[in-house]
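Next come the chains, spelled out residue by residue.
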Amino acid sequence: MTIFRRVTLATLAAPLALGLAACGSETETDAALNGEPVAAVPAPEGQEWSEVTQVTDYDGYQIGNPDAPIKIVEYGSLTCGACAYFTQTGFEPMRSEYINSGRVSFELRNQVHNGIDLVLARLVRCSGPEAMVPLSEQVWLNLNEVLGGAQANGEALERAMTLPENERFVAAAEAAGLLDFFAARGLSRDQARTCLADVESVKAISDRSDQQSKEFDVTGTPTFFINGKKIDDNAWAKIEPILQKAGAR
């Protein structure tokens, strides 16, 4: 049974957690990523590389130089405290020092853990492709606010689940305060409602999450891959040295 069918919108992620487990010495994966230094690549005129976005075959949203020799993929949950911690501590240096250099691209893919997660994953896709990563960043930077609205309205969320499929996700977003949250960030309430009423697009996100989690053995978030190799660490302090060893220096 997919998350779309078993989802319970009253089941939410735990409050934002600030602690992350640290790993020890260099792993076999780290060693396999050793590479020669990579030269910086100028961005298209008038742009930063982090403003260049494309949607990948896995429905990931990639920012940066599409031909960058070092490619990061993150599987993230939009209700995940550890994902929020990575964004709060590591995303800005990764963007400014590595993505904007043209050496590194970053691709975000969703792993869906619960109903609010699924609503959020649809909402961050509701504008143009270039908005998906920045809106996800906004969710993670404000995760306590996002989850607080949902946790404060559990009964309304449960009632939303009794509605027809084309109404329940709209009602859930309204109850959790998410329509207001995204409206303040440029996504109109009408546009958000239209996206959430598109049941097939919501279901597709859920199905891709299930399929890719199995295909790539993603059992938790955030999970990072660098040049196709799964990384054991999920803290920026551990990932940055791997990027540098791979040639982003």
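Below you will find a few notes about this structure. (Residues numbered from 1 in each chain as written. Predicted model: local features only at pLDDT ≥ 70, side-chain atom pairs only at ≥ 80, totals over all residues. Heavy atoms only, no water.)

Some thoughts on the overall build of the protein chain
We count it as follows: For the purposes of this entry, the term helix denotes a DSSP run of H or I that reaches at least four residues, the term strand denotes a run of E that reaches at least two, and both are numbered from the N terminus. Exposed residues in this analysis have more than 50% of their type's maximum accessible area, buried residues have under 20%, and partly exposed residues fall in between, with area computed by a 1.4 Å probe over protein chains only.
Scanning the protein chain for helices and strands turns up 12 helices and six strands. Looking at the protein chain as a whole, 51% of its 249 residues are labelled buried.

Overview of the environment of Val218
Selection criterion: It only takes one pair of heavy atoms within 4.5 Å for two residues to be counted as in contact.
Among the structural elements, Val218 can be located in the loop between helix H11 (199-215) and strand S5 (223-226). Judged by relative accessible area, which is 5%, Val218 ranks as buried. Taking the C-alpha atoms as reference points, Val218 and Gln111, separated by 107 residues in sequence, lie 8.3 Å from one another. Not counting residues within four places of it along the chain, the set of residues in contact with Val218 comprises Tyr75, Gln111, Ser213, Thr223, Phe225 and Lys230.

Describing the sheet that holds strand S1 (residues 53-55)
The test is simple: Strand pairing is defined by DSSP finding a minimum of two bridges between the two strands. Working convention: axes come from line fits to C-alpha atoms, limited for helices to the stretch in contact. Angles between N-to-C directions cover 0 to 180 degrees.
The strand order S1-S2-S4-S3-S5-S6 describes an open sheet built from six strands, whose pairing is mixed. If you trace the sheet from one side to the other, it starts and ends with S1 and strand S6 (229-231), each paired once. Going from strand to strand, the sheet's axes swing by 25° on average, the running direction of each strand aside. With three bridges joining them, strand S2 (residues 61-63) and strand S4 (residues 104-110) adopt antiparallel strand pairing. Each bridged residue has a counterpart across the sheet, and for Gln62 the counterpart in S4 is Glu107.

Considerations on unusual backbone geometry
Here Thr221 and Pro222 are connected by a cis peptide whose omega angle stands at -5°. Within the secondary structure layout, Pro222 lies in the loop between H11 and S5. Positive phi is not limited to glycine here, since Asp217 has a value of about 55°. Examined against the element boundaries, Asp217 turns out to sit in the loop between H11 and S5.

Examining the state of the cysteines
Any covalent bond linking the sulfur atoms of two cysteines counts as a disulfide. Here is the rule we go by: Working definition: a disulfide is two cysteine sulfur atoms within 2.5 Å of each other.
Using the criterion set out here, one finds one disulfide in the structure. Between Cys126 and Cys195 runs a disulfide, and the two sulfur atoms are separated by 2.0 Å. Disulfide Cys126 to Cys195: torsion about the S-S bond roughly 90°, handedness right-handed. Of the two residues, Cys126 is situated in the loop between helix H4 (115-123) and helix H5 (132-141) and Cys195 in helix H10 (residues 189-197); the sequence distance between them amounts to 69 residues. Across the pair, exposure class does not vary: Cys126 and Cys195 are buried alike.

A short note on the pairing of strand S3 (residues 70-76)
Cut-off, in case you're wondering: A clockwise course of the path from the first strand over the helix to the second, judged with the strands pointing away from the viewer, identifies a crossover as right-handed.
Taking burial as the measure, the seven residues of S3 include six buried ones, the bulk of the element. With seven bridges joining them, S3 and S4 adopt parallel strand pairing. Bridging from a neighbouring strand, Gly76 pairs with Asn110 of S4. In the classification by handedness, the crossover that spans S3, the intervening helix H3 (residues 81-99) and the parallel S4 is right-handed. Where S3 lies against S5, four bridges are found, and the strand directions are antiparallel. Paired with Tyr75 across the bridge in S5 is Thr223.

Concerning the packing of H4 against H11
Inclusion rule: Working definition: roughly parallel below 35 degrees, roughly antiparallel above 145 degrees, roughly perpendicular at 65 to 115 degrees, and oblique for all remaining angles. Handedness of a helix crossing follows the sense of rotation of the near helix relative to the far helix, less than a right angle counterclockwise being left-handed and clockwise being right-handed. Three classes are used, and their members are as follows: Ala, Val, Leu, Ile, Met, Phe, Trp, Tyr, Cys and Pro are nonpolar, Asp, Glu, Lys and Arg are charged, and the others, Gly among them, are polar.
Where H4 contacts H11, the axes come no closer than 10 Å and their chain directions differ by 115°. Between H4 and H11, the interaxial angle falls into the category roughly perpendicular. For the crossing formed where H4 meets H11, the hand is right-handed. For the pair formed by H4 and H11, the contact residues are Leu118, Ala121 and Arg122 on the first element and Ser201, Val202, Ile205 and Ser206 on the second. Its residues placed into classes, the contact of H4 with H11 shows four nonpolar, two polar and one charged.

Re the pattern of salt bridges
Using the following cut-off: In what follows, salt bridge is the name for a side-chain nitrogen of Lys or Arg lying within 4 Å of a carboxyl oxygen of Asp or Glu.
The tally for this structure, following the rule as stated, stands at 11 salt bridges. A salt bridge links Arg189 to Asp180; the nearest nitrogen and oxygen atoms lie 2.4 Å apart. By relative accessible area, Arg189 is classed as partly exposed at 25%. Put simply, Lys203 and Asp207 hold a salt bridge, and the shortest N to O gap is 2.8 Å.

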